[in-house]
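Tertiary structure, described
For reference, the chains in residue letters:
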Amino acid sequence: MTKQVLILPGDGIGPEITAEAVKVLEALKKSDGLDIAMTEDLVGGAAYDVHGVPLADETMAKAHAADAVLLGAVGGYKWESLDISVRPEKGLLRLRKEMGLFANLRPAYLFPQLADASTLKPEVVAGLDILIVRELTGGIYFGQPRGIRVLENGERQGYNTYVYSESEIKRIAHVAFQAAMKRDKKLTSVDKANVLEVTELWREVVNEVAKDYPEVTVNHMYVDNAAMQLVLRPKQFDVMVTGNMFGDILSDEASMLTGSIGMLASASLDANNKGMYEPSHGSAPDIAGQNIANPLATILSAAMMLRYSLGREDLAIKIENAVGKVLDQGLRTGDIWQAGCTKVTTSAMGDAVVAAL
Ligand code: IPM
Ligand code: MG
């Protein structure tokens, strides 16, 4: 049966990079009988400009009805002064929360061709293959109460709540252990258990879940140390599991080990592997509309969509191999360009991936 895919390009470079992923999917429809129907809608600032909200209820309903969602990026200067309740980011957060996408998989995989593109020495990053499993619908991003209040003395105070229930920790831990079982069977859980009770519980629950996976070696690391170890000896990591905010930060850091944040794909999954797929990077408003952004993170996110939600592992591998071939050919967008390579535009990169399929 034809699978329904909702495309949400969003803001900034979102429309440009998403168009390239759609190009790749269209090519696979023709060449490999990929049976999907794609429809497009608005999210983020683009939705706010039309509907006055960063995600219309009709769009939310379409996302629920779809088999998978492919999203570009949200946000931009234009909407920065809006009330926080209608900022572009809220559209994305609503999708994650209402679709129950608690498991965010962010693979920091270094294509061998890009070993010199990282700011770290090639010998430090060569062979790097880390999977960051980020909890995505809880923690300080969603904890209540939250807000900005005025104290009795007239001073304003901002506050958020960092909270995780046992069941939330358990289910993300299971996702991480299961991922580790398919890889090198090593899991690092990242917390701040020396200071925060919420992550003291996190550590306890991860240790309880670990009993179900005796083959997996588990270690625990404080987040500050993990941030340091990622640049010191990144290859010590296989799977990392952590909460929403730590995962947000560490995945941006890990992306630079792979040469550019423009290479980092992601999948956000619910309990049944229904998912939303998006590059881990933002909307880069400074380079929007110039046809220079790197579309590979989005194209690789489309590959993850084929793997996890559309049952086409074969085509996921096909896309990943095509990306490898394009890098072999020396084609690079500006963010991963090095002397001796050919600098290409966003759309030329998409064309090259299609040609390499
Ligand atoms: C990400 C982004 C988002 C987040 C923003 C855009 C809300 O940084 O997906 O990592 O913080 O989760
Ligand atoms: Mg982020």
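Here we summarise the structure given alongside this text. Computed from a prediction, not measured in an experiment: that's the story for all the values here. Within each chain, residue numbers correspond to sequence positions counted from 1 in written order. A letter from A marks each chain and a number from 1 marks each ligand, given out in the order of writing. In keeping with the model being predicted, local features are shown solely for residues with a pLDDT of at least 70 and side-chain atom pairs are shown and tallied solely at 80 or more, while totals for entire chains, interfaces and linings include all residues. Side-chain metrics rest on all non-hydrogen atoms present in the structure, leaving aside hydrogens and water.

1. A short note on the site of ligand 1
Applicable threshold: Here a residue is considered near a molecule or strand provided that any single heavy atom belonging to it is located within 4 Å of it. Nitrogen and oxygen atoms within 3.5 Å of one another constitute a polar contact, given that in protein one can donate a hydrogen and the other can accept it, and given that sequence-neighbouring residues count only through two side-chain atoms. Per-residue accessibility takes into account occlusion by the displayed protein chains alone, with areas from the Shrake-Rupley method and a 1.4 Å probe. Three categories are distinguished: nonpolar for Ala, Val, Leu, Ile, Met, Phe, Trp, Tyr, Cys and Pro, charged for Asp, Glu, Lys and Arg, and polar for the others, with Gly belonging to the last. An automatic or database domain assignment supplies the start and end points of every domain.
In the vicinity of ligand 1, the contacting residues are Glu-89, Leu-92, Arg-96, Arg-106, Arg-134, Tyr-141 and Asp-248. Between Arg-134 and ligand 1, the recorded distance is 2.8 Å, taken from a side-chain N or O atom to an oxygen atom. A distance of 2.5 Å is found between an oxygen atom of ligand 1 and a side-chain nitrogen or oxygen belonging to Tyr-141. Contact with the protein chains hides 79% of the accessible area of ligand 1, taken as 320 Å² for the molecule alone. The residue makeup of the shell around ligand 1, split by class, is two nonpolar, no polar and five charged. Each of domain 1 (1–102 + 270–357) and domain 2 (106–137 + 164–265) accounts for three or more of the residues forming the shell around ligand 1.

2. Concerning the pairing of strand S7 (residues 156–159)
Rules: Paired strands, as defined in this entry, are two strands with at least two bridges between them according to DSSP. In DSSP terms, a helix is any run of H or I states spanning at least four residues, a strand is any run of E spanning at least two, and both are numbered starting from the N terminus.
In terms of strand pairing, strand S6 (residues 147–150) meets S7 through four bridges, oriented antiparallel. Each bridged residue has a counterpart across the sheet, and for Gly-147 the counterpart in S7 is Tyr-159. Hairpin remark: S6 followed by S7, antiparallel, with five residues in the connecting loop; positive phi at Gly-154, about 90 degrees.

3. Details of the sheet that holds strand S2 (residues 36–40)
Picture the strands of a sheet paired through backbone hydrogen bonds; they go either parallel or antiparallel. This is how it is decided: All axes are obtained by fitting lines to C-alpha atoms, using only the stretch in contact for helices, and the reported angles, taken between N-to-C directions, cover 0 to 180 degrees.
Strand order in this open sheet of ten strands is S2-S1-S3-S12-S11-S4-S5-S10-S8-S9, and the pairing throughout is mixed. Where the open sheet ends on each side, the last strands, each with one partner, are S2 and strand S9 (217–222). The mean inter-strand angle of the sheet, taken between neighbouring strand axes irrespective of direction, is 20 degrees. The pairing of strand S1 (residues 3–10) with strand S3 (residues 68–73) spans five bridges and is classified as parallel.

4. Points about the packing of aromatic side chains
Condition: Here is the rule: rings of Phe, Tyr and Trp (six-membered ring for Trp) pair when centre to centre is within 6.5 Å. Planes less than 30 degrees apart are stacked, more than 60 are edge-to-face, and the remainder are tilted. By definition here, charges over rings are those cases where NZ of Lys or CZ of Arg is within 6 Å of the ring centre and within 35 degrees of the ring normal.
Applying the stated criterion to the full structure yields five aromatic pairs. With a centroid separation of 6.1 Å and 70 degrees between ring planes, the pair formed by Tyr-162 and Tyr-164 is classed as edge-to-face. Members of the aromatic cluster, joined through ring pairs, are Tyr-162, Tyr-164, Trp-202 and Phe-246. In this arrangement the basic side chain of Arg-134 is found over the ring face of Tyr-141, its NZ or CZ atom lying 5.3 Å from the centre.

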